[in-house]
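Each chain, written out:
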Amino acid sequence: MSQAVLPLAECTEDGLAALVGALPRDTAPSPRLAGGQGSEGEDALERFAEHPHVVECRRAAAVLAAHLEAHPQDEQAQDWAFLADERIDACALALADGAQQEAAAHAKDARADRAAMITDELVDQRGFVYAPAAFAALDADTRALLTEYAAPYPVRWLFPRPTAESERVLIKFHGPGGWAWGIREVLRASDVDMVGVDVEAAAVQTARAAGFEVVHASVLDLRPDHPALVYVTGQLPSPPCQGFSGAGLGLGRSSDAVRIITDVMRTVPAAVGVHPSNHLDGTFAGLQRSGQSWAEVREDLQALADDRPGLMVEVLIWAAAALHRCGGDLRWIAMEQSDRLPAPILRELCAVLRALGFKTIETETLDSVVHGAASHRKRLFVTAYLGDVAPIVPSTPAHPMPVTSFAKLTGWDESDTVMTRGQRGINPLTGKPKGGGSFSASQVSTCITATSYGWKSAQTGARMTQPDIGRAVGFPAHYPWTHVGRGEGVRNKAQLAADVVAPMTAAAVVGRALGREWEPQTRAYVHELYDQPAEPATPDATPDATPDAAPDAAEAAAAASDGTSFAQCELFM
């Protein structure tokens, strides 16, 4: 811009308006670049000249006209100014036709354009780095404009990270806080700025009560290329697993579902104009930009009997948008999913990630017991990096973590039998409860489920409590599990815990992605959570053994469907 850069103290309303070339509300209208839309458009403009929506469009057009004046040879600036001027006419005509929503949409777009110009000026011309005091020094109108522009994300996300080394992470399908608690409380990565997104009210309220920032919305309703996501360095998606896990109906594992999901996955690169010719199997060779919107990409997923498995495609859509539409800072993603994810979906996921530009892709199936949790929780993790060298920090401990038995977790006796399906009679032929499951309290707990609130001792009748359910997956007893709705929601709270990424495993996976040591902090966390020794302890029953070498690609794909656990990673490079 041609205006002089103003010191922060001079960012009054008039000063900031001068900085970005914005016109005050009471000045003359912007120059007519588009030429109007005939007498009808002129009549509408005269009639609604003072309408707030038209005023907003005029203000944006003035800002963009000033930008064009300062950059007369910039073709993009010419296009912006022309379209902004046309928008004034379109807004006035919409008001004349009684199309209030259309006019409001034009005004919203105009405000977004003005906010974008202000943001660019602050960052590019003044090197503005967000801090609460610095933002508070801006005038009220600008603060409101930028806050609206950033929504639903915090306004600080419009601006660069405090340092090049700091991280900004978007957690999609956030849940009650497994990833976030693992990063903040286990890994103790205070420089990781996190925001989550989740559609489930109870999960959002639980996470917020724990101190996390979570947007209550469906990822389908948000823009993957939102301007507030430009400086995001990492994405942590955890799409719903119910359609793939053995505990559900498994509709996502059907041949039709697998075909639909993989077919849609293949369309993602073309939507952002990616058409590499050296893809693993040539699937994307020769593709041109399809011009599809993300809504159009998703359309074929409507044929799924269960829509949740189709959310796997969001892993790719949001990565593609970050890399090829936002032009941002994304460096890595780490996805968590059921270890029963069908092999064709896993292969297609890795193939598309490679096509989008990720040079190193790892798949591994981890049991949270490996990281010290008091319950088994086997999950598939897929981590992708833009760099062509994998991090050197492993995702499994150098020495086995302490093993916490169910008895130690709950305070029950080691001789107790944990009944996982209620009080049943004993089958005289097997000596086991009829129609139910059970395990010895001397062992590590089986995987926590929504029915864990009903687990009880065959000997004493004692039941598992919500604090113990949370501790079993890696949260402290005081974690604020929150139910939204009538009653106490004991099953719903248990379900929240059953859905999480175990925080200790989250710390290991994210620690590896960031190239940071995670084992000492995790061991200390396990010691405090379960009153276990901080030094390495050899368990009497080690979970899945680490193979001598990483499995080949065929084994890794098969592992996703047969439940085999690999503590080392398969690299797709």
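The residue count restarts for each chain, going from 1 along the sequence in the order it is written. Local features in a predicted model are, by the rule used here, given only for residues with pLDDT of at least 70; side-chain atom pairs are given and counted only at 80 or more, and totals for whole chains, interfaces and linings are based on all residues. Note that the side-chain values use all heavy atoms of the structure and ignore hydrogens as well as water.

Colleague: Which residues make up the packing of aromatic side chains, and what values go with them?
Modeller: Two rings from Phe, Tyr or Trp (for Trp, the six-membered ring) form a pair when their centres are within 6.5 Å of each other. A pair whose planes differ by under 30 degrees is stacked, one over 60 is edge-to-face, and the rest are tilted. With the rule as written, the count across this model stands at 15 aromatic pairs. Look at Phe128 and Phe159: their rings are 4.8 Å apart centre to centre, the planes differ by 55°, and that puts the pair in the tilted class. Separated by 31 residues along the polypeptide, Phe128 in the loop between helix H5 (100-125) and helix H6 (132-136) and Phe159 in the loop between helix H7 (140-150) and strand E1 (167-172) bring together distant segments of the chain. With a centroid separation of 6.4 Å and 45° between ring planes, the pair formed by Phe406 and Trp455 is classed as tilted. Taken together, the residues Phe406 in helix H14 (residues 406-410) and Trp455 in the loop between strand E9 (438-440) and strand E10 (456-457) connect sequence positions 49 residues apart. Pairwise contacts between aromatic rings join Trp181, Phe212, Phe475, Tyr479 and Trp481 into one cluster. Helix numbers and strand numbers start at the N terminus; a helix is a DSSP run of H or I with at least 4 residues, a strand a run of E with at least 2.

Colleague: Report on the sheet that holds E9, specifying residues and quantitative values.
Modeller: Here we have 3 strands laid out as an open sheet, ordered E9-E8-E10, and antiparallel in their pairing. The sheet terminates laterally at E9 and E10, the two strands that pair on one side only. Only when DSSP finds a minimum of two bridges between them are two strands counted as paired. In the sheet, strand E8 (residues 417-419) pairs with E9 via 3 bridges, with the strands oriented antiparallel. Directly across from Thr417, in E9, lies its bridge partner Ser440.

Colleague: Outline unusual backbone geometry, supporting the account with residue identities and numerical values.
Modeller: Of the consecutive residues Ala151 and Pro152, the connecting peptide bond is found in the cis state with omega at 10°. Considering the arrangement of structural elements, one finds Pro152 in the loop between H7 and E1. Although it is not a glycine, Phe173 adopts a positive phi angle of roughly 60°. Despite not being glycine, Asp531 shows a phi value in the positive range, around 55°. As for its placement among the helices and strands, Asp531 is situated in the loop between helix H18 (519-530) and helix H19 (553-562).

Colleague: Tell me about the environment of Arg223, and please be specific about residues and values.
Modeller: With respect to the element layout, Arg223 can be found in the loop between strand E3 (214-216) and strand E4 (234-237). The spatial distance from the C-alpha of Arg223 to the C-alpha of Ala321 is 8.9 Å, given a sequence separation of 98 residues. Contacts between residues were defined by any pair of non-hydrogen atoms, one from each residue, lying within 4.5 Å. Excluding its chain neighbours within four sequence positions, the residues that come into contact with Arg223 are Leu229 and Trp318.

Colleague: Please provide a residue-by-residue account of a negative patch on the surface, values included.
Modeller: Taken together, the side chains of Glu40, Glu42, Asp43, Glu46, Asp97 and Glu102 define an acidic patch exposed on the protein surface. It is helix H2 (residues 38-47) that provides the largest number of residues to the negative patch, a total of 4 residues. Within the fold, Glu40 resides in helix H2. Exposed residues in this analysis have more than 50% of their type's maximum accessible area, buried residues have under 20%, and partly exposed residues fall in between, with area computed by a 1.4 Å probe over protein chains only. Assessed through its relative accessible area of 53%, Glu40 is described here as exposed. Here the term patch refers to residues with relative accessible area over 30% and no salt bridge, with like charges joined within 9 Å and nonpolar side chains (Val, Leu, Ile, Met, Phe, Trp, Tyr) within 5 Å. Residue burial considers only the protein chains on display, and all accessible areas are found by Shrake-Rupley using a 1.4 Å probe. Any carboxyl oxygen of Asp or Glu within 4 Å of a side-chain nitrogen of Lys or Arg constitutes a salt bridge here. Note that His is not counted, nor are the chain ends; the positive residues are Lys and Arg, and the negative ones are Asp and Glu. One atom stands in for each charge, and that atom is NZ of Lys, CZ of Arg, CG of Asp or CD of Glu.

Colleague: Which residues make up the state of the cysteines, and what values do they have?
Modeller: Here, the term disulfide refers to a pair of cysteine sulfur atoms separated by no more than 2.5 Å. Enumeration over the complete set of coordinates arrives at 0 disulfides. Cys241 takes part in no disulfide bond, and the closest cysteine sulfur to it belongs to Cys447, at a distance of 8.8 Å. Residue Cys447 is classed as partly exposed on the basis of its relative accessible area, which comes to 26%.

Colleague: Explain the pattern of salt bridges to me, using residue names and the numbers behind them.
Modeller: This structure, assessed with the given rule, holds 23 salt bridges. In this structure, Arg111 and Glu148 form a salt bridge, with 2.9 Å as the shortest nitrogen-oxygen distance. In this pair, Arg111 sits in helix H5 while Glu148 sits in helix H7, placing the two residues 37 residues apart along the sequence. With relative accessibility at 37%, the residue Glu148 sits in the partly exposed group. Among the salt bridges present, the one from Arg331 reaches Glu167, with a minimum N-O distance of 2.8 Å. Within this pair, whereas Arg331 is found in the loop between helix H12 (312-324) and strand E5 (332-338), its partner Glu167 is found in strand E1, the two being separated by 164 residues in sequence. The exposure class of Arg331 is partly exposed, given its relative accessible area of 32%. A network of salt bridges, in which partner residues are shared, links Glu56, Arg59, Arg111, Arg114, Asp141 and Glu148.

Colleague: Talk me through the packing of helix H3 (residues 52-70) against H5; I want residue IDs and the actual numbers.
Modeller: A pair of packed helices is captured by two measures, namely the crossing angle of their axes and the spacing between those axes. In this description, a line fitted to the C-alpha atoms serves as the axis of each element, helices being fitted only across the stretch in contact, and the angle between N-to-C directions of two axes falls anywhere from 0 to 180 degrees. Between H3 and H5, the least distance of the axes is 8 Å, while the angle of their chain directions is 35°. Viewed along their axes, H3 and H5 form a crossing whose handedness is left-handed. Taking contact as the criterion, the partners of His53, Glu56, Cys57, Arg59, Ala60, Val63, Leu64 and His67 in H3 are, on H5, Ala103, Ala104, His106, Ala107, Ala110, Arg111, Asp113, Arg114 and Met117. Following the grouping adopted for this structure description, the nonpolar residues are Ala, Val, Leu, Ile, Met, Phe, Trp, Tyr, Cys and Pro, the charged ones are Asp, Glu, Lys and Arg, and the polar ones are all others, Gly among them. Partitioning the contact of H3 with H5 into residue classes produces 9 nonpolar, 3 polar and 5 charged. Here is the rule for handedness: rotate from the far helix to the near one, and if that takes an anticlockwise turn smaller than a right angle the crossing is left-handed, while a clockwise turn gives right-handed.

Colleague: For the environment of Thr505, give the residues involved together with the corresponding values.
Modeller: Among the structural elements, Thr505 can be located in helix H17 (residues 503-514). Residue classification places Thr505 among the buried residues on the basis of a relative accessible area of 3%. In this structure, the C-alpha to C-alpha distance between Thr505 and Ser368, residues 137 residues apart in sequence, is 5.7 Å. Setting aside residues up to four positions removed in sequence, Thr505 forms contacts with Leu366, Ser368, His371 and Phe381.

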